[in-house]
Amino acid sequence: MNSSTTAPIAAAQRVSATRSLLLQLSAGAALGLVVLYGVAFAESPIAHNAAHDVRHVTVKPCH
């Protein structure tokens, strides 16, 4: 094989890897936002208070 036949394959693999990474990052961010929204506005005081307590334990301001 010469370099002219392998270059398109390598470029296609890079594009595929980049798309896969962006998809994973987007899915992770979306899941995080759904969880954050779900806990922050939960009707259940247990879920809300658990998240609130975690903020205090990790020394992050919440009020």
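Analysis parameters
Residues numbered from 1 in each chain as written. Predicted model: local features only at pLDDT ≥ 70, side-chain atom pairs only at ≥ 80, totals over all residues. Heavy atoms only, no water. Helix = DSSP H or I, 4+ residues; strand = E, 2+ residues; numbered from the N terminus. Buried < 20%, exposed > 50% of the residue type's maximum accessible area, 1.4 Å probe, protein only. Areas by Shrake-Rupley, 256 points an atom, 1.4 Å probe, with all protein chains shown as cover. Expected span 1.5 Å × (residues − 1). Patch = residues over 30% accessible without salt bridge, like charges linked within 9 Å, V, L, I, M, F, W, Y side chains within 5 Å. Salt bridge = Lys/Arg side-chain N within 4 Å of Asp/Glu carboxyl O.

**Student:** Can you explain the overall build of the protein? Please cite residues and give values.
**Tutor:** Per the secondary structure count, the protein includes 2 helices and 0 strands. Scored against the burial criterion, the 63 residues of the protein give a buried share of 0%. As displayed, the protein offers around 5,500 Å² of accessible surface, 71% of which is attributable to carbon and sulfur atoms.

**Student:** So, helix H2 (residues 45–57): which residues are in play, and what are the values?
**Tutor:** The first and last C-alpha atoms of H2 sit 18 Å apart over 13 residues, in line with the 18 Å expected at 1.5 Å per residue. Positioned one or two residues after H2, Val59 has a phi angle of 55°, which is positive.

**Student:** I'd like a rundown of a nonpolar patch on the surface, residues and numbers included.
**Tutor:** A cluster of nonpolar side chains, namely Leu21, Leu22 and Leu25, defines an oily patch on the protein surface of about 310 Å² accessible area. Counting through the fold element by element, Leu21 comes out in helix H1 (residues 3–40). Taking relative accessible area as the criterion, Leu21 reaches 47% and is therefore assigned partly exposed.

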